[in-house]
Amino acid sequence: MNEHHADHAPRSFAQRVIDPKSIAIVGASDDPKKTTARPQQFLAQAGYAGNAYFINPRRETVQGAKAWPSLSSLPEVPEHVYIMTGAEAAIAAVEECAQLGVTAATVLSSGFAEDGLEGVEREDRLRAAAAKGDVRVIGPSSLGVVNPRTGVMLTGNAAFGEPDIPAGGVFVASQSGSVIGSLVSRARGRGIGFAGLVSTGGEADLSLGALCESMVDDPGVTSFALFLESLRHSEDLASFAQAAAAAGKPVAVYKLGRSDEAAALSVSHTGALAGEDSESEAFFRACGFARVYNFESLVEAPGLLLRVPVSPTPVSPRVGVVTTTGGGAAIMVDQLALRGLTIAGPSEELVSTMAERGATIPHSLIADLGLAGARHDIVTAALDAMQDSGEFDLIVFVIGSSARLNPELAVQAISERGDHAVPIVAFALPEAPDAAALLNESGVPAFRTPESCADVVAATYGRVPATIGNGARFAVDAAAPTAVLDEKASGELLASLGVEFCPSVAVEIATIDDTFDIPFTYPVVVKVLSDQIPHKSDVGGVVLNVHDARGVRDAARSIVDNVARHEPGVVVDRVLVQQMAPRGLADALVGYRVSADVGPLVVLSTGGVLAEIFADSSIRLAPVDTATAREMIGEVKGLSVVTGYRGLPEGDLEALVATIVAVSELAVSHTVVLEAEINPVSIRLAGDGVVALDALVRRVSSSDRVEPAAETASAALH
């Protein structure tokens, strides 16, 4: 037994995964050229001090070490088993783990769910094998688990064959195996280190979120970096987000799959607006994650995330740019501006103060120190003045060639200011790994490219506190039958939540004659009323400005003819007669959608039949409060016309806020509703309210689905 595990205190699952005192590798190869031989080599190179066993029933030795015929033949039960066999043998190995009392097994083997129906059946048997004991499985198709702090190298990824894998506080979890090696390669030699790296693979058992949550209490883990291909098991990610937020450990996330293909399955405009990537964005926001869009940013982000506290709302920091190379600074300013960040030039007073201290700069947007900026004393004076001026929330220092040739000058001076209340980040042109290492190790985040620097700054200041546990979440049965309600039924359901609609009446077409009467005044709009026609305008199913009973009859006949041409299989026997509303200041769309990945969402957009074309929308996990609804209004550019912009009349924004909140309450009061939309919502002058002019609801139609009470449905995720 190794001495650093001499205590006999109970060991947590996380310890057994990331810091096992004993490991076994099933399928270890004697051929040093094979992938299955690498973990043994990597463990030796990294100096793993625990007990390592190599399972190969066909050999006496493996690469000079004793080979054991099975897990059952070992002198102890290993804490972590890495399985590198074929799929069937992997299932047998997991079952043996379960019988022996192993608690952690990582499976490299492929041939499971990705291989069609036969693979799905094998994956079911893998889970069943694990369920025979307490073993939790990482994988299959996992490229392994690595802990540079203790030399644990349970991986065949060739990137870990290099010596001295950097240790630090960042815990990386990736659904893609090759990513963990790629991130290590990018961080090497730059002062960025890892507390662990895990490839979760197919997540047949242990999900990425559940694995990360188990690591939150590890004192050596200071932050998390997640690489996601999908949002499967989002409930576990949400639970992890709450735990990470409570522990004060920031999370950076990079996600693939920024497509809107899932929206094609939807019946409403809301579905097109709340596409896959928009859903992810809303989910990450609710989790309090900092989402980055540059791959390299994933390992560079934690340095700044740890320096900048989370703000209750997204902030636009005043960014000061100081440089010794004007061209490099101009590139940086471009990248910052592209992400909507505010570059603050030094005031005349600050320029004078800096000149008095020997750091002379021209009065412009950039504090350009010129060639003198390569001197330690000049950089120190400039940063001292800028950080103490109260004019900046963040300083970006763009360093020239001195970063590579003479890091003891400007770079050393920057590193000495890393603990100031106003943080500094740096970017060197040309690339200077040694300078980056010095800066990162001193608490000054250093970036390899201006793109990743700007990306991380925007992500850091754009995150908000995690709210993921505050709303309703529930699983969606994708196979459940659904039904679209007609406009009248949809409106009645939404009106019960407090949404205001124009007066309307459903009418049998056969009953309309010259004596037809309505309980409100003309003019009216006549619409086809059918649950088979969600988009009425597309089939000529709407007639506006009807002024009398004869007009209603003629409109109904016209609608029947139009629908017959466009939808010959649909029988139209009813129309909705609705009072025409005076034209408002603007139209909005308020929608609701239950995502199979992240649960209920509320959507706000500009309204009308072309809503999804403009893609001008704001999305949040539902339900939302009034403060969040106001944030959403501020994010929709097309609604700026009702905010009093440049003297324009102000709309009734509080009424719009109330409508957004009301629709979002579907998440807790009507959990059988999968999709709802009011479009358009006519926004009137301040004080006159808003009115919904059309509605659409899609809900689960199975007769055995019971509507839960609102108070029980509103329980948080955990």
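Residues numbered from 1 in each chain as written. Predicted model: local features only at pLDDT ≥ 70, side-chain atom pairs only at ≥ 80, totals over all residues. Heavy atoms only, no water.

## Digging into the overall build of the protein
When helices and strands are counted, the protein shows 24 helices and 31 strands. The dimensions of the protein, computed from C-alpha atoms along their principal axes, are 100 × 75 × 40 Å. Within the protein, the fraction of its 718 residues that count as buried is 55%. Residue pairs in contact within the protein that sit at least 24 positions apart in sequence constitute 74% of those at least 6 positions apart. Roughly 28,600 Å² of accessible area belongs to the protein as shown, and the carbon and sulfur atoms make up 52% of that amount. Across the protein, the mean location of the 52 positive side-chain charges is 3 Å away from that of the 88 negative side-chain charges. (Helix = DSSP H or I, 4+ residues; strand = E, 2+ residues; numbered from the N terminus. Buried < 20%, exposed > 50% of the residue type's maximum accessible area, 1.4 Å probe, protein only. Contact = heavy atoms within 4.5 Å. Areas by Shrake-Rupley, 256 points an atom, 1.4 Å probe, with all protein chains shown as cover. Lys, Arg positive; Asp, Glu negative; His and termini not counted. Charge placed at Lys NZ, Arg CZ, Asp CG, Glu CD.)

## Thoughts on the packing of helix H12 (residues 348–356) against helix H13 (residues 376–388)
Following both chains from N to C, one finds H12 and H13 inclined at 150°, their axes separated by 9 Å at the closest point. Compared by their axis directions, H12 and H13 come out roughly antiparallel. Handedness of the crossing formed by H12 with H13: right-handed. Mapping the contact onto sequence places Leu-350, Thr-353 and Met-354 in H12 and Ala-382, Ala-385 and Met-386 in H13. For the contact of H12 with H13, the per-class residue count stands at five nonpolar, one polar and no charged. (Axes fitted to C-alpha atoms, helices over the stretch in contact; angles between N-to-C directions. Parallel < 35°, antiparallel > 145°, perpendicular 65-115°, else oblique. Left-handed = near helix turned anticlockwise from the far one by under 90°. Nonpolar A, V, L, I, M, F, W, Y, C, P; charged D, E, K, R; others polar.)

## As for empty space enclosed by the protein
Taken as a whole and assessed by the stated rule, the structure comprises three cavities of 30 Å³ or more. Here the largest cavity defines a volume of roughly 100 Å³. Along the walls of the largest cavity sit 14 residues, with Ala-428, Ala-432, Ala-436, Ala-446 and Phe-447 positioned nearest its centre. Where the lining of the largest cavity is concerned, the elements lending two or more residues are strand E19 (424–428), helix H16 (433–441) and strand E20 (446–447). For the lining of the largest cavity, the element with the highest residue contribution is H16, accounting for four residues. Split into classes, the residues belonging to the lining of the largest cavity amount to 11 nonpolar, no polar and three charged. Approximately 60 Å³ is the volume found for the second largest cavity. Taken together, 13 residues form the lining of the second largest cavity, with Glu-487, Ser-530, Ile-533, Pro-534 and Lys-536 sitting closest to its centre. Of all the secondary structure elements, the ones that give two or more residues to the lining of the second largest cavity are strand E21 (482–485) and strand E31 (695–700). (1 Å grid on protein atoms, 1.4 Å probe; cavity = no way out; pocket = protein on both sides within 12 Å on 5 of 7 lines; lining within 4 Å. Points joined across faces, edges and corners; volume = space filled by probe spheres on them.)

## Things to note about helix H3 (residues 87–100)
The first and last C-alpha atoms of H3 sit 20 Å apart over 14 residues, in line with the 20 Å expected at 1.5 Å per residue. Regarding H3, the residues found buried are Ala-87, Ala-90, Ile-91, Ala-93, Val-94, Glu-96, Cys-97 and Ala-98. Contacts made by the buried residues of H3 are with strand E1 (22–26), strand E5 (80–83), strand E6 (104–107), helix H4 (116–130) and strand E7 (136–138). (Expected span 1.5 Å × (residues − 1).)

## Brief notes about the sheet that holds E7
Note on sheets: strands pair through backbone hydrogen bonds, and any given pair is parallel or antiparallel. Strand order in the open sheet formed by seven strands is E3-E4-E2-E1-E5-E6-E7, with mixed pairing between adjacent strands. The open sheet has two edge strands with one neighbour each: strand E3 (61–62) and E7. As defined by bridge partners, E3 adjoins strand E4 (residues 65–68) across two bridges and the pair is classed as antiparallel. Note that in E4 the partner of Thr-61 across the bridge is Lys-66. (Pairing = 2+ DSSP bridges.)

## What about helix H7 (residues 234–247)?
Since one α-helical turn is 3.6 residues long, residues separated by three or four positions face the same way. Helix length check: H7 (14 residues) gives 20 Å between terminal C-alpha atoms against 20 Å at 1.5 Å per residue, within 8%. Those residues of H7 that fall on the buried side of the exposure criterion are Ser-234, Leu-237, Ala-238, Ser-239, Phe-240, Ala-241 and Ala-244.

## So, the pattern of salt bridges
All chains considered together, the criterion is met by 36 salt bridges. For Lys-536, the salt bridge goes to Asp-694, with nearest N and O atoms at 3.1 Å. Of this pair, Lys-536 sits in the loop between strand E23 (524–528) and strand E24 (542–546) while Asp-694 is found in the loop between strand E30 (690–692) and E31, placing the two residues 158 residues apart along the sequence. Here Arg-553 and Asp-554 are joined by a salt bridge, their closest N and O atoms 3.9 Å apart. Owing to a relative accessible area of 18%, Arg-553 belongs among the buried residues under this scheme. For Asp-554, a relative accessible area of 39% corresponds to the partly exposed category. A single network of salt bridges, built from pairs that share partners, joins Arg-285, Arg-620, Glu-631 and Glu-635. (Salt bridge = Lys/Arg side-chain N within 4 Å of Asp/Glu carboxyl O.)

## Quick notes on unusual backbone geometry
At the junction of Gly-139 and Pro-140, the peptide bond is cis and its omega measures out at 0° in the coordinates. One non-glycine residue, Asp-164, lies in the positive phi region at around 60°. Within the element layout of this structure, Asp-164 appears in the loop between strand E9 (152–155) and strand E10 (167–174). Exposure remark for Asp-164: the relative accessible area of 69% places this residue in the exposed category. The phi dihedral of Asn-545 is positive, around 55°, even though this residue is not glycine. Considering the arrangement of structural elements, one finds Asn-545 in strand E24.

## Some words on the environment of Arg-375
Relative to the helices and strands, Arg-375 is located in the loop between strand E17 (366–368) and H13. Among the polar contacts made by the side chain of Arg-375, one reaches the side chain of Asp-377 at a distance of 2.7 Å. (Polar contact = N/O pair within 3.5 Å; in protein donor to acceptor, adjacent residues only side chain to side chain.)

## Section: the sheet that holds E9
Here we have seven strands laid out as an open sheet, ordered E9-E8-E11-E10-E12-E13-E14, and mixed in their pairing. A strand with exactly one partner marks an edge of an open sheet, and here the two such strands are E9 and strand E14 (290–291). Where strand E8 (residues 144–147) meets strand E11 (residues 194–199), three bridges bridge the pair, whose relative direction is antiparallel. Following the sheet pairing, Val-145 is matched in E11 by Val-198.

## Some thoughts on the side chain of Ser-142
Here Ser-142 shows up in the loop between E7 and E8. By relative accessible area, Ser-142 is classed as buried at 0%. When residues no more than four places from it in sequence are discounted, the contact partners of Ser-142 are Tyr-82, Thr-106, Val-107, Leu-108, Ser-199, Thr-200 and Gly-201.

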